[in-house]
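# Overview (structure and organization)
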Amino acid sequence: IVEAGVEAVSETCDIAAKKNAEFAIYLPKEERLYVKLYDRKNVMIGMVYNEKLDGGKHGVIWDGSRSGGKKVAKGVYTLEFSAGSFRKELKVTVK
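Because the structure is a prediction, the values reported are computed rather than measured. (Residues numbered from 1 in each chain as written. Predicted model: local features only at pLDDT ≥ 70, side-chain atom pairs only at ≥ 80, totals over all residues. Heavy atoms only, no water.)

This brings us to the overall build of the chain. Counting its secondary structure elements, the chain contains zero helices and eight strands. If you list the helices and strands of the chain from N to C, you get β-β-β-β-β-β-β-β. In the chain, buried positions account for 37% of the 95 residues. By sequence separation, contacts in the chain at least 24 residues apart represent 51% of the contacts at least 6 residues apart. Total accessible area computed for the chain in this model is approximately 5,900 Å², and 47% of it derives from carbon and sulfur atoms. (Helix = DSSP H or I, 4+ residues; strand = E, 2+ residues; numbered from the N terminus. Buried < 20%, exposed > 50% of the residue type's maximum accessible area, 1.4 Å probe, protein only. Contact = heavy atoms within 4.5 Å. Areas by Shrake-Rupley, 256 points an atom, 1.4 Å probe, with all protein chains shown as cover.)

What follows is the structure, encoded as structure tokens:
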């Protein structure tokens, strides 16, 4: 059995330079992928991704926005990726 996984392709989001944070994700079967955004106090401040994806490799891009499209301030944030029983948190720096 191949497990789901996620890795950072680029874990820095530079809003001024219009550079997005990028992640590669693998799902062994069709699942709904959720990506939640947390601030440094571990308070959820947005759902930045919520889509059903086929099994296989996918790319997820985060442009530094929270739900509703408002850009976040500079700092370090946590993105929580979840699909089925898979969960993983990755730190992201916004410049």
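Excluding glycine, a negative phi dihedral is what most residues carry, and trans is how most peptide bonds are arranged. Unlike most non-glycine residues, Asn42 shows phi in positive territory, near 65 degrees. Examined against the element boundaries, Asn42 turns out to sit in the loop between strand S4 (31-38) and strand S5 (44-53).

On to the pattern of salt bridges, then. Applying the stated criterion across every chain yields a total of three salt bridges. Glu30 serves as the salt-bridge partner of Lys52, at 3.7 Å between the closest nitrogen and oxygen. Linking Lys52 in strand S5 with Glu30 in the loop between strand S3 (21-27) and S4, this pair joins segments that are 22 residues apart in sequence. For Lys52, a relative accessible area of 52% translates into the label exposed. With its nearest N and O atoms 3.5 Å apart, the salt bridge here joins Asp63 to Lys71. On the accessibility criterion, Asp63 (32% relative accessible area) is partly exposed. (Salt bridge = Lys/Arg side-chain N within 4 Å of Asp/Glu carboxyl O.)

On average, the chain scores 87 in pLDDT, and the residues at 70 or more come to 89%. Mean pLDDT values over the elements of the chain span from 68, in strand S2 (residues 12-13), up to 95, in S4. (pLDDT = per-residue confidence, 0-100.)

This part covers the side chain of Thr78. Positionally, Thr78 belongs in strand S7 (residues 75-83). In contact with Thr78, not counting residues within four places along its chain, are Lys36, Leu37, Tyr38, Glu89, Leu90 and Lys91.

What follows covers the pairing of S7. Burial of S7 is extensive: eight of the nine residues sit out of reach of the surface. In this structure, S4 lies alongside S7, joined through five bridges in antiparallel fashion. Paired with Tyr34 across the two strands is Ser82, which belongs to S7. By the bridge criterion, nine bridges tie S7 to strand S8 (residues 86-94) in an arrangement that is antiparallel. Each bridged residue has a counterpart across the sheet, and for Ala83 the counterpart in S8 is Phe86. Counting the residues that bridge the hairpin from S7 to S8 gives two residues, and of these Gly84 lies at a positive phi of roughly 60 degrees. (Pairing = 2+ DSSP bridges.)

Another point: the nonpolar core. Grouped together as the largest cluster of nonpolar side chains are 23 residues, with contacts concentrated most on Phe23, Ile25, Leu33, Trp62, Leu79 and Phe81. Each residue touching Leu33, except ones within four places of it in the same chain, is listed here: Ile25, Tyr49, Asn50, Glu51, Leu53, Val60, Ser82 and Ala83. (Core = buried A, V, L, I, M, F, W, Y, C linked by side-chain atoms within 4.5 Å.)

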